Amino acid sequence: MRVSRKFQKLLSFDAVESLWEHVRRWTHPVSSRRILATLDRLELTRLREQYPYRPNARRINAYENAARWIGINVERAQDLWLDRTPPLRILDLGCGAGYFLYVCRFFGHEGLGLDTDEEPLFRGTTELLNVHRVVSRIHPQVPLPDLGEKFDLITGHRVCFHRVARAPSGEWDEWASADWRFFIDDIRTRFLKPAGRLLLDFNPRPEGSSFFTKKLRAYFLSEGARIFRSKALLAADPNQRPRFKQTRRKIDKSL
Ligand SMILES: C[S@@+](CC[C@H](N)C(=O)[O-])C[C@H]1O[C@@H](n2cnc3c(N)ncnc32)[C@H](O)[C@@H]1O
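Residues numbered from 1 in each chain as written. Predicted model: local features only at pLDDT ≥ 70, side-chain atom pairs only at ≥ 80, totals over all residues.

### Considerations on unusual backbone geometry
- The phi dihedral of Asn130 is positive, around 60°, even though this residue is not glycine.
- Checked against the element boundaries, Asn130 lands in the loop between helix H7 (120-128) and strand E3 (133-135).
- Phi is positive for Arg158, close to 50°, though the residue is something other than glycine.
- Given 13 C-beta atoms within a 10 Å radius, Arg158 is considered partly exposed. (Helix = DSSP H or I, 4+ residues; strand = E, 2+ residues; numbered from the N terminus. Buried ≥ 20, exposed ≤ 12 C-beta atoms within 10 Å, placed from the backbone.)

This is how it looks when you write it as structure tokens:
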């Protein structure tokens, strides 16, 4: 991160929200080390040797770096209060290497991933982590495959499936509101339990200004989303504004 951008961030509302997340995690610490100790890191290294980096691959995609990815996913779980909620059934869209669902298991949750099968490393890591996944590609205005069940929580971290094509400028051409409407409606009607929630966590935009375009933010808000930093949280019921903290009463009502 460039110094000027870091400085801007320090002064921004985003920094305050980021600090708040840190404080909340700090008050309920979780030992990433304990989770990390359960992983076969030699096998992860071997998988990376078997499936080396593509040319120009970004440093962030060092998925064999278990310490980094367990740490990130423990924080994701903490931010959804998953270290303190009764067992949930979770669907992770674009599950990648499978670390999120692996971490969730330590808090008593069970889950299913969904991803394409384009990245052989992910085939290896999900098997190693014993994370079950459905191989499927999410397309605009196409229903997701029938998964035969409904979920308490559906997540998408560093969401990419809404990117349609990359323009010569490097900018992504993304889903329009109608595509999001179709997707959210499909998720709400076919995949979420009555008190279920959908969490979409976005990458920062290239200019570093925000995680959402103005239009996307307005659209998610019109769908009842609670937006916090990079995350949009939506309830199964469009008339409800969901909370990151889910109470037992709310979950029980959903069963
Ligand atoms: C940036 S990675 C994030 C992986 C993981 N969620 C994480 O945060 O570590 C994006 C993931 O979305 C998957 N993906 C991209 N486009 C997709 C699509 N149209 N349908 C399903 N998965 C997709 C990729 O294969 C990849 O695993």
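### Structural notes on H7
- Among all positions in H7, only Phe122, Gly124, Thr125 and Thr126 are buried.
- Along its buried surface, H7 packs onto helix H4 (41-50), strand E2 (110-115) and E3.
- Once H7 finishes, Asn130 follows within two positions and takes phi at roughly 60°, a positive value. (Contact = placed C-beta atoms within 7 Å.)

### Considering the site of the ligand
- The ligand sits among 14 residues. The nearest are Gly94, Gly96, Ile138, His157 and Phe161.
- Partitioned by chemical class, the residues of the shell around the ligand number five nonpolar, four polar and five charged. (Near = placed C-beta within 6 Å. Nonpolar A, V, L, I, M, F, W, Y, C, P; charged D, E, K, R; others polar.)

### What to know about the sheet that holds strand E1 (residues 89-93)
- Overall, mixed pairing links the seven strands, which are arranged E3-E2-E1-E4-E7-E9-E8 in an open sheet. At either margin of the open sheet sits one strand with a lone partner, and together these are E3 and strand E8 (226-228). Put simply, the sheet's adjacent strands are angled 15° from each other on average, direction ignored.
- Both E2 and E3 contribute to a ladder of three bridges, which runs parallel. For Gly113, the partnering residue across the bridge sits in E3 and is Arg133. (Pairing = 2+ DSSP bridges. Axes fitted to C-alpha atoms, helices over the stretch in contact; angles between N-to-C directions.)

### A closer look at the packing of H4 against H7
- Two elements in contact, H4 and H7, have axes whose closest approach is 9 Å; the angle formed by their N-to-C orientations is 165°. In this view, H4 runs roughly antiparallel relative to H7, as classed from their interaxial angle. Crossing of H4 over H7 shows right-handed handedness. For the pair H4 and H7, contact is made by Glu43, Leu44, Leu47 and Arg48 and by Leu121, Gly124, Thr125 and Leu128, respectively.
- Its residues placed into classes, the contact of H4 with H7 shows four nonpolar, two polar and two charged. (Parallel < 35°, antiparallel > 145°, perpendicular 65-115°, else oblique. Left-handed = near helix turned anticlockwise from the far one by under 90°.)

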